Amino acid sequence: MKKADIFEFYRRLAELNPSPETELQFGNTYQLLVAVVLSAQATDVGVNKATRLLFQAVETPQHMVDLGEDGLKQHIKTIGLFNAKAKNVIALSEILVRDFGGEVPADRDTLVELPGVGRKTANVVMNCAFGAETFAVDTHIFRVGNRTGLAPGKTVLSVEKRLDKETPQPFRVGAHHWLILHGRYICKARTPECWRCPVADLCRYKPKTPAPKAKKAA
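Calculation rules
Residues numbered from 1 in each chain as written. Predicted model: local features only at pLDDT ≥ 70, side-chain atom pairs only at ≥ 80, totals over all residues. Heavy atoms only, no water. Helix = DSSP H or I, 4+ residues; strand = E, 2+ residues; numbered from the N terminus. Buried < 20%, exposed > 50% of the residue type's maximum accessible area, 1.4 Å probe, protein only. Contact = heavy atoms within 4.5 Å. Core = buried A, V, L, I, M, F, W, Y, C linked by side-chain atoms within 4.5 Å. Domains from an automatic or database assignment. Buried area = accessible area lost by both parts, 1.4 Å probe. Salt bridge = Lys/Arg side-chain N within 4 Å of Asp/Glu carboxyl O. UniProt positions renumbered as here; feature names shortened; annotations may be inferred.

Caption draft 1: Up close: the environment of asparagine 17. Here asparagine 17 shows up in the loop between helix H1 (3–16) and helix H2 (29–38). What makes asparagine 17 partly exposed here is its relative accessible area of 27%. Non-local contacts of asparagine 17, meaning those with residues more than four positions away in its chain, are made with Trp178 and Leu181.

Laid out in structure tokens, this is it:
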């Protein structure tokens, strides 16, 4: 995709949603970190349901340590892989208390050293909590990047690097939000809704999905 088209691609998405945000619900940076860890292979809706009561009781890493692994499991047992996630959340909370004064470090390289925190999770935290120009590539963004021609790549990291290279200002901070929402609600995996896509004319995806035929009245 040409530079001018990339700028226009983001401009249109930004015009429709000027202040994009994550759909995960949280009250502070620590809760954001926990929510993102829990969201791996789970939906934001499912995570929000599980954390609604949890975050009323747990606001800090020390609160989480005090709750304990079994207590945490009771809150998140509706989420996939909850046993492993509970173990990781308790472990990373203990490290935050012990080594960082209970604060979440504003450094991606440090974040990825925490249990259960991969590059994607660290990128989300850096972007949402600290305003960093990071690109958290999940399945939606990987699909959108390749399907549209915005940032083609064979691996998640290659798509991330391409986005980092090609995404212009003033769209760099909001880019991953616009792309994930676009992939979640319009550029869907099985049947992209091309007929209502605001960037369809810029997209390289050829077999554009036509609008569904209106059902005839009985």
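Caption draft 2: Examining the nonpolar core more closely. Among the nonpolar cores identified, the biggest contains 34 residues, and Tyr30, Leu33 and Met64 are the most heavily contacted of them. When contributions to this core are tallied by element, the ones reaching two or more residues are H2, helix H3 (44–57), helix H4 (61–76), helix H5 (82–100) and helix H7 (119–130). Residue contributions to this core peak at eight residues, all from H2. Those residues in contact with tyrosine 30, other than ones at most four positions away along the chain, are Val58, Glu59, Thr60, Pro61, Met64, Val89, Leu92, Ser93, Leu96 and Val104. Counting 26 residues, the second-largest nonpolar core is a separate cluster that includes Val144, Ala151, Cys187 and Cys197.

Caption draft 3: Fine view of the domain arrangement of the protein chain. Domain boundaries in the protein chain define domain 1 (3–20 + 135–202) and domain 2 (29–130). Here the C-alpha centre of domain 2 lies 27 Å away from the C-alpha centre of domain 1. Opposite the ten residues of domain 1 that make contact, domain 2 presents eight residues. The largest contributions to the domain 1 side of the interface with domain 2 come from Ala136, Glu160 and His176, which together make up 46% of the buried area. Run the count over domain 1 and domain 2 and you get three salt bridges. Across the salt bridge formed by arginine 108 and glutamate 160, the nearest N and O atoms sit 3.5 Å from each other.

Caption draft 4: Structural view of the UniProt feature "binding site: [4Fe-4S] cluster" (unreviewed entry) in the protein chain. If you check UniProt for "binding site: [4Fe-4S] cluster" (unreviewed entry), the listed places come out as Cys187, Cys194, Cys197 and Cys203 in our numbering. The largest pairwise C-alpha distance within this set of annotated residues, which runs over 17 residues, is 10.6 Å, so the set is compact in three dimensions. Along the chain, cysteine 187 falls in the segment after helix H10 (175–185). Given a relative accessible area of 7%, cysteine 187 falls into the buried group. By the secondary structure assignment, cysteine 197 is in the segment after H10. Looking at cysteine 197, the relative accessible area reads 17%, which means it is buried. Once residues lying within four places of it in the same chain are set aside, the contact partners of cysteine 197 are His182 and Ile186.

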